[in-house]
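# Topology and contacts: notes
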Amino acid sequence: MLRPIAHRDFPFYTPKGAIPVGGALRDLLLGRRPQDLDFVAEDPRKAAQDAQSHLGGTLFPLDEERGQYRLVTGGLVLDFSPLEGSLEEDLLKRDFRLNALFWRQNRILGIRGADEDLNRRVLVPVREANLYEDHLRSLRAVRLAASLGLGLPGETRNALSHHARFLQAHLEALPARERVKEELSRLLLSPRAAWGFHLLERTGLLDVYLPELRLLVGLKQGGVHHLDGWQHTLSVLFHLAWLWPEAPLEARLAALYHDVGKPLTRRFDPEAGRFRFLGHAEVGAELTGASLEWLRFPKETVERAKALVRRHMDRPPEGKQALRRFYFRRHHLLPALPYLMAADRLGTKGVEKEAWEVLEAYWETLSEPLPERPLLSGEEVMALLDLKPGPQVGRALEALLLAQAEGRVRTREEARAFLLYWKGDGTNTPA
Ligand SMILES: Nc1ccn([C@@H]2O[C@H](COP(=O)(O)OP(=O)(O)OP(=O)(O)O)[C@@H](O)[C@H]2O)c(=O)n1
Ligand SMILES: [Mg+2]
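Residues numbered from 1 in each chain as written. Chains lettered and ligands numbered in written order. Predicted model: local features only at pLDDT ≥ 70, side-chain atom pairs only at ≥ 80, totals over all residues. Heavy atoms only, no water.

As a further point, take the side chain of H239. Topologically, H239 is positioned in helix α11 (residues 229-243). The contacts of H239, once residues within four sequence positions are left out, are A343, L346 and G347. (Helix = DSSP H or I, 4+ residues; strand = E, 2+ residues; numbered from the N terminus. Contact = heavy atoms within 4.5 Å.)

What follows covers helix α12 (residues 249-257). For the α-helix, the turn length of 3.6 residues means that residues three or four positions removed from each other point alike. Of all the nine residues making up α12, nine are buried; the element is thus mostly covered by neighbouring parts of the structure. Residues of α12 that are buried include every one of L249, E250, A251, R252, L253, A254, A255, L256 and Y257, and no others. (Buried < 20%, exposed > 50% of the residue type's maximum accessible area, 1.4 Å probe, protein only.)

A surface patch of nonpolar side chains, about 230 Å² in accessible area, is lined by F60, L62 and V72. Locating V72 in the fold gives a position in strand β5 (residues 68-73). With relative accessibility at 35%, the residue V72 sits in the partly exposed group. (Patch = residues over 30% accessible without salt bridge, like charges linked within 9 Å, V, L, I, M, F, W, Y side chains within 5 Å. Areas by Shrake-Rupley, 256 points an atom, 1.4 Å probe, with all protein chains shown as cover. Salt bridge = Lys/Arg side-chain N within 4 Å of Asp/Glu carboxyl O.)

What follows is about the environment of R267. Here R267 shows up in strand β9 (residues 267-269). Put simply, R267 and L59 are 208 residues apart on the chain and 58 Å apart in space, counted from C-alpha to C-alpha. Among residues more than four places away in sequence, those in contact with R267 are R274, F275 and R276.

Here R330 shows up in the loop between α16 (320-329) and α17 (336-346). Here F326 takes part through its backbone oxygen, which lies 2.9 Å from a polar atom of the side chain of R330. Residues in contact with R330, not counting those within four places in the same chain, are R311, D314 and L337. (Polar contact = N/O pair within 3.5 Å; in protein donor to acceptor, adjacent residues only side chain to side chain.)

Attention now moves to the environment of G75. Looking at the secondary structure, you find G75 in the loop between β5 and β6 (76-82). Separated by 238 residues in sequence, G75 and M313 have C-alpha atoms that sit 41 Å apart.

This paragraph deals with the domain arrangement of the protein chain. Under the domain assignment used here, the protein chain contains domain 1 (1-120), domain 2 (245-365) and domain 3 (378-421). Listed by partner, the interface residues are five residues for domain 2 and seven residues for domain 3. Of all residues in domain 2, Q321, R324 and F328 bury the most surface against domain 3, accounting for 77% of the area lost on that side. Counting the contacts that link domain 2 with domain 3 gives one salt bridge. Salt-bridge contacts for E406 lead to R325; the nearest nitrogen and oxygen are separated by 2.8 Å. Summed over the shared surface of domain 2 and domain 3, the number is two residue pairs in polar contact (both at pLDDT 80 or more). Residues of the side of domain 2 that touches domain 3, tallied by class, amount to one nonpolar, one polar and three charged. (Domains from an automatic or database assignment. Buried area = accessible area lost by both parts, 1.4 Å probe. Nonpolar A, V, L, I, M, F, W, Y, C, P; charged D, E, K, R; others polar.)

Around ligand 1, 14 residues are found, and the nearest of them are G23, R26, D95, D134 and R137. Measuring from a nitrogen atom of ligand 1, one finds a side-chain N or O atom of D134 at 2.8 Å. At 3.0 Å from an oxygen atom of ligand 1 is found a side-chain nitrogen or oxygen belonging to R186. Here ligand 1 has 550 Å² of accessible area as a free molecule, and 82% of this is covered by the chains. The element best represented in the shell around ligand 1 is helix α5 (residues 137-148), accounting for four residues. When its residues are assigned to classes, the shell around ligand 1 shows one nonpolar, three polar and 10 charged. (Near = heavy atom within 4 Å.)

Here it is, written out as structure tokens:
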């Protein structure tokens, strides 16, 4: 039985014979701008062509056999699918009640419970069994809840836990890794990412999708740590986004994985009287790489996240020159690295003050940007030092660039003087 939910216009072009459905209507009712539009139609290809002739853009089949077409135009994505059965039957096959909506003749209609969920801002499956029709839906629930700010009532959580248990017992049912990666990325980039990962852990979905991180749950740390390994991880993720709301995916991944090496490196040190995790950054970087590669994250994202995990324990030195050298050597990880180091400290009791020190020192020392290229060219260096092309020229240019980064060399004149004293054996370039 379908119910009217709201009287309103659909503020996008709607081709003849096409009916707007799903998330876009939900977004409008929640006061958000839809990111993409979904339509059902008797003849999806014809509807898509009609939309293209009005809006322009690129039209291509997503799945010709199933009659799914996509039009990409002016920052919008329009998807067209065939209507199978009645509209009500279509809605009853969808994932969550507040997504089970369609628009017609200035009205949004939905299934029973959709308006209630929209008012209460909660996510409830159309039917628990629908979670099993597309096994990605439980993960999608957590992502939608975190990105739209929706609550998950007890029944929904129970349904997600049951589904997680099902997936643990039926690994062959796991959705394609690319789809998992997409949901995890969107969850991480959402404003409530830390809460979302907490939910993943509570429902058992963390076990299913990120078993290596599951080992942090309950991991006693001691020392300056007041939280277990997983609580600390969530706190770091929270603080990273708080300090740096624009943090890109690789920085968020690094926050999520930064201590993944701890369970494997935990040793009790009788002299210190506490646990230590020597080498956890290096071990963690390898685990991060393996995990993200498995999930098919792009190579560049994997490399950056790995490098951030590997470097997160490096201690920034004191003194402007030393600190500029430190960040110059890690310039491809800026500004993610100081933000990660600060977030790590904010998630640890007693060292919160250091977070501000790390960030202030970073901004202060880097107020003068790091150099991008040496002040002299390769030819000039060869002429000056009477060198033939070879590795020594590269070393000279590298030493010069480092001296520029440290602020010891500022002009071409100083660059020449620096190189004439440079012996090429590292004796005048402190490590
Ligand atoms: N696994 C899925 C994915 C989608 N849908 C349905 O298809 C609609 C459109 O899907 P999609 O655009 O992927 O998701 P949205 O809910 O719109 O959310 P977002 O666009 O933010 O991903 C959803 O609203 C829902 O009705 C579904 O039932 N099951
Ligand atoms: Mg959508």
